[in-house]
Amino acid sequence: MEFLRRCYQVSTRRASRRLPGPRSTLYYRSRKAEQAPLRHRIKEIAAIRVRYGYRRIHTLLQREGWAVNHKRVYRLYCLEGLQMRHKPPRRRVSAKLREDRTDAIRPNQCWSMDFMADQLFDGRRLRLLTIVDNVSRVSPFIGVGFRYRGYDVVTALNLAVAQYGMPECIRLDNGPEFISKEVDLWAYAHGVVLDFSRPGKPTDNAFIEAFNSRFRQECLNEHWFLSLEDATEKIEAWRGHYNEQRPHSSLGYQSPMEYLSGALPPNPRSLSLLEAPDGQENKGQGLSPAHPSASPPRRSGCSPAEPYPPGGQAEYTMTLQG
């Protein structure tokens, strides 16, 4: 209508004769509420959690008591211009999965572990050790330090195990800290299988790669770190939010701790996987390690003759070196 009026310099009455439909629709104004409080709250959540889409925002609104469905949240989300454009990655080579690897079906059956890098405001480099449970998506520990060695990895694993229990298997890459004798001795003494990924194949450890992506987007890219203590405090605050509050799409938009506690029903897609076979004990959910009699496969050249080195178990309780 406006196009015809500007191009031909005619009135609204004459322009409406050339268009189908009644002229009264041009003067109609909606009487529905503008949803101003809801739109304001959606903008507030999006400003704080800049990497959250409308589905996670809808979950947070429901927790706050807003009686709205996801369609209204999506409509208001689009009206506020909060959409994020994600460039899809190009896959150049088809992935080939390892035939001897099976999916974990219960918590503490398989963890994933990896290293990340960041820096302080003055350019000093930081190394971050990330650990995640492949089923519950809980992050048992995130270590922060200027450097990491095999002893430091063992210390981090001891802290994580003391709070969340012993895993049956840990997936990790072939980094120098992970292939060290200290980590291999710790795994051998506790009956933990170290499942190393193939060199140059990060997709073998996809769970930790996805976790690292969220960790960098929602925490590392959002903060300046003034010191090692400041970085540790901010990262630990994010880990607490991730474990206790952040909705996870693969868990039916529950938080990892809600999934563990059974406060909400699990994702229907994984119901069949969560049922353990009859007579099979649910391992890995307590603080006791797996039975050491079943010797896990180890890397060649790293098979110790005794469970602990001559210095004793005390060497495995070292504090992180700054």
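What you are looking at is a predicted structure, and each value in this text was computed from that prediction instead of being measured.

Moving on, we get to the sheet that holds strand β5 (residues 193–196). Taken together, five strands build an open sheet; the order of strands is β3-β2-β1-β4-β5 and the sheet is mixed. The open sheet is flanked by β3 (141–145) and β5, the only strands paired with a single partner. In this sheet, neighbouring strand axes are inclined to one another by 25° on average, regardless of whether the strands run parallel or antiparallel. Contacts from helix α6 (residues 150–164) reach β1 (111–119), β2 (125–133), β3 and β4 (169–172), with the element oriented near 125° to β1. Helix-sheet contacts for helix α9 (residues 228–244) involve β2 and β3, and the interaxial angle to β3 is about 165°.

Looking now at the packing of aromatic side chains. The tally for this structure, following the rule as stated, stands at nine aromatic pairs. Each ring, one from Phe-211 and one from Phe-215, has its centre 6.3 Å from the other, and the planes form 20°; the classification is stacked. Here Phe-211 and its partner Phe-215 are both found in helix α8 (residues 206–218), four residues apart, which amounts to about one turn of the helix. Each member of the pair, Phe-211 as well as Phe-215, is classed as buried. Ring pairs connect the aromatic residues Phe-211, Phe-215, Trp-238 and Tyr-242, which therefore count as one cluster.

Looking now at the nonpolar core. One recurring pattern in soluble globular proteins is that nonpolar side chains are buried together. Grouped together as the largest cluster of nonpolar side chains are 25 residues, with contacts concentrated most on Met-113, Val-153, Ile-170, Phe-178 and Trp-186. Mapped onto this core, the elements with two or more residues apiece are β1, β2, α6, β4, α7 (181–190) and β5. Looking at this core element by element, the count peaks at seven residues for α6.

Moving on: a nonpolar patch on the surface. On the surface, Phe-121, Trp-224 and Leu-226 cluster together to form a nonpolar patch covering roughly 400 Å² of accessible area. Relative to the assigned elements, Phe-121 resides in the loop between β1 and β2. Judged by its relative accessible area of 48%, Phe-121 falls in the partly exposed class.

The next subject is unusual backbone geometry. In the Ramachandran plot, Asn-108 falls in the positive-phi region, its phi being about 65° despite a non-glycine side chain. In this fold, Asn-108 is placed in the loop between α5 (70–79) and β1. On the basis of relative accessible area, Asn-108 is assigned to the buried category, the value being 6%. Positive phi outside glycine occurs at Arg-137, with the angle close to 65°. In this structure, Arg-137 sits in the loop between β2 and β3.

This part takes up the packing of helix α3 (residues 36–48) against α5. Where α3 meets α5, the closest approach of the two axes is 10 Å, and the angle between their N-to-C directions is 75°. By the criterion of interaxial angle, the relationship of α3 to α5 is roughly perpendicular. Judged by residue contacts, Leu-38, Arg-39 and Ile-42 of α3 engage Arg-72, Val-73, Leu-76, Tyr-77 and Leu-79 from α5. Class assignment for the residues of the contact of α3 with α5 results in six nonpolar, no polar and two charged.

Parameters and conventions
- Residues numbered from 1 in each chain as written.
- Predicted model: local features only at pLDDT ≥ 70, side-chain atom pairs only at ≥ 80, totals over all residues.
- Heavy atoms only, no water.
- Pairing = 2+ DSSP bridges.
- Helix = DSSP H or I, 4+ residues; strand = E, 2+ residues; numbered from the N terminus.
- Axes fitted to C-alpha atoms, helices over the stretch in contact; angles between N-to-C directions.
- Contact = heavy atoms within 4.5 Å.
- Phe/Tyr/Trp six-rings, centres within 6.5 Å; stacked < 30°, edge-to-face > 60°.
- Buried < 20%, exposed > 50% of the residue type's maximum accessible area, 1.4 Å probe, protein only.
- Core = buried A, V, L, I, M, F, W, Y, C linked by side-chain atoms within 4.5 Å.
- Patch = residues over 30% accessible without salt bridge, like charges linked within 9 Å, V, L, I, M, F, W, Y side chains within 5 Å.
- Areas by Shrake-Rupley, 256 points an atom, 1.4 Å probe, with all protein chains shown as cover.
- Salt bridge = Lys/Arg side-chain N within 4 Å of Asp/Glu carboxyl O.
- Parallel < 35°, antiparallel > 145°, perpendicular 65-115°, else oblique.
- Nonpolar A, V, L, I, M, F, W, Y, C, P; charged D, E, K, R; others polar.

Interpretation note: all reported values are geometric properties and have no functional meaning in isolation.
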